[in-house]
Each structure stands twice: as C-alpha cells, then as structure tokens.
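Okay, here's what each chain looks like letter by letter:
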Amino acid sequence: MTFKVNSEATFKLGLRIPSWANRYLFKLNGKEFTPKIEKGYAIIDRTWEKGDIVIFDIQIEANFVCANPLVREDYGKVAIQRGPIIYCAEGVDNGDNLHLITIDTNKKINEYKDSDSLGDIVKLELEAEKLILDKQWNNILYRNIMEKQENVEIIKLKLIPYFCAFNRGENEMAIWLKTK
C-alpha cells in the first residue's frame, strides 16, 4: 500500500494478521522489518513520509486444524485449511466410505493448480490410509472383536475447496478426517 500524505505525519498503522497466517513478512520501503504485534495486529508507529510503501506478504500454505475437544463429533479428527479456505474430500475423487480414511498429520500436503469442471482452483493431495472392508462384514452389523482383521490401502487423498463441494453430481463429502 502507498500512503499519500502532503507532509510528514506521525501515526500508528495497524494491520490485522489473520489467525490462519502462519508465515508472513513485512517490508517498509523495500527493507524487511518486524513490527510490534498487539492483539492480532501488526502495529507500525512512525513518522510517515510521502511515498512510503508497506508490504505485508502472507505465505499461504495448507495445514491441519483441529476443533475444540468439546466438539464431540470432531474429536480426534482434523480438517485441512489453506489460507482462509477449508478443504474437503469428496467421494467422486476418493471413492465411497470417506469415514474409513485415516490421515497422518506428519505427511506432506501437496498443492497443485487444476482447471476442470470446478474452475481454475488449487487442489490438495496427501497420502492417507483407507480401510479395506473384508468379506466377513457382508450383511452383518456386529461381530466379535477377535474376528476383526483390518487391512488398509495407501491412497492419494484428493481435497478441493469446500465452496466447490457438491458440484460434480451426488456424492459423499467429508471435512473432518480421522487421524492416526
């Protein structure tokens, strides 16, 4: 941003740092600096001159977020956020039974641009595990724990921005995913 002042003026400039911003930098007239941070705002207190330029560069990257543990349905699960955007998994990309997917939050989240029926958007992908249902589960609701044999397959979990969900036909969608 460029300030247009007719003469020198001393005042504080407060720039809000979004809660999702993990990495950012500030420059004043081309030189990097660290402003004072107060209650989520970067405070720049100085005598401003005509033509001063402040750059506030936020590095947007995907990361895992969790809900308050008192939200029972989401306890032990994470969502993936990139900047202010929450992402989701859809069955059209990841198959049925999204609740069988487990992710490891130590895995790298890959970002890529894609132009398809959803438009020109950034999609995410990461390695995950999906439970393979064995045939013993056919037509039964419960069984003895001793009979339980779980096998998993490694999948490439594909995620799209939540605002794009349900635009490719009827299918399953999940935001909150189980973690290891």
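Before reading on, note that the structure itself is shown above.
The structure presented is a predicted model; accordingly, all values stated were derived computationally and were not measured.

Peer 1: What is the right way to read the side chain of Q81 from this model?
Peer 2: Among the structural elements, Q81 can be located in strand β8 (residues 77-82). Only 3.0 Å separates the side chain of Q81 from the backbone oxygen of G83, close enough to count as a polar contact. When residues no more than four places from it in sequence are discounted, the contact partners of Q81 are W20, E61, A62, N63, V65 and I86.

Peer 1: What should I look at first to understand the pairing of strand β9 (residues 85-90) in this one?
Peer 2: Regular strands show a simple pattern: their side chains alternate between the two faces of the sheet. Pairing of β8 with β9 involves two bridges; the strand directions are antiparallel. Counterpart to Q81 in the pairing with β9 is I86. Once β8 ends, the chain turns through two residues before running back antiparallel as β9, passing G83 with a positive phi of about 60°. Where β9 lies against strand β13 (residues 151-161), three bridges are found, and the strand directions are antiparallel. Looking across to β13, one finds that C88 is bridged to I160. Relative to strand β14 (residues 173-174), β9 is paired through two bridges, and the arrangement is antiparallel. Looking across to β14, one finds that A89 is bridged to A174.

Peer 1: Quick question: what am I supposed to make of the sheet that holds strand β5 (residues 41-48) here?
Peer 2: What holds strands together in a sheet is hydrogen bonding between their backbones, with the strands either parallel or antiparallel. Reading across from one edge, β1-β5-β4 is the order of the three strands in this open sheet, with antiparallel pairing throughout. Sheet topology places β1 (9-16) and β4 (36-38) at the edges, where each strand pairs with a single neighbour. When strand polarity is set aside, the average angle formed by the axes of neighbouring strands in this sheet is 35°. Here β1 pairs with β5 via eight bridges, running antiparallel. Considered in β5, the bridge of F11 is made with R46.

Cut-offs applied
- Residues numbered from 1 in each chain as written.
- Predicted model: local features only at pLDDT ≥ 70, side-chain atom pairs only at ≥ 80, totals over all residues.
- Heavy atoms only, no water.
- Helix = DSSP H or I, 4+ residues; strand = E, 2+ residues; numbered from the N terminus.
- Polar contact = N/O pair within 3.5 Å; in protein donor to acceptor, adjacent residues only side chain to side chain.
- Contact = heavy atoms within 4.5 Å.
- Pairing = 2+ DSSP bridges.
- Axes fitted to C-alpha atoms, helices over the stretch in contact; angles between N-to-C directions.

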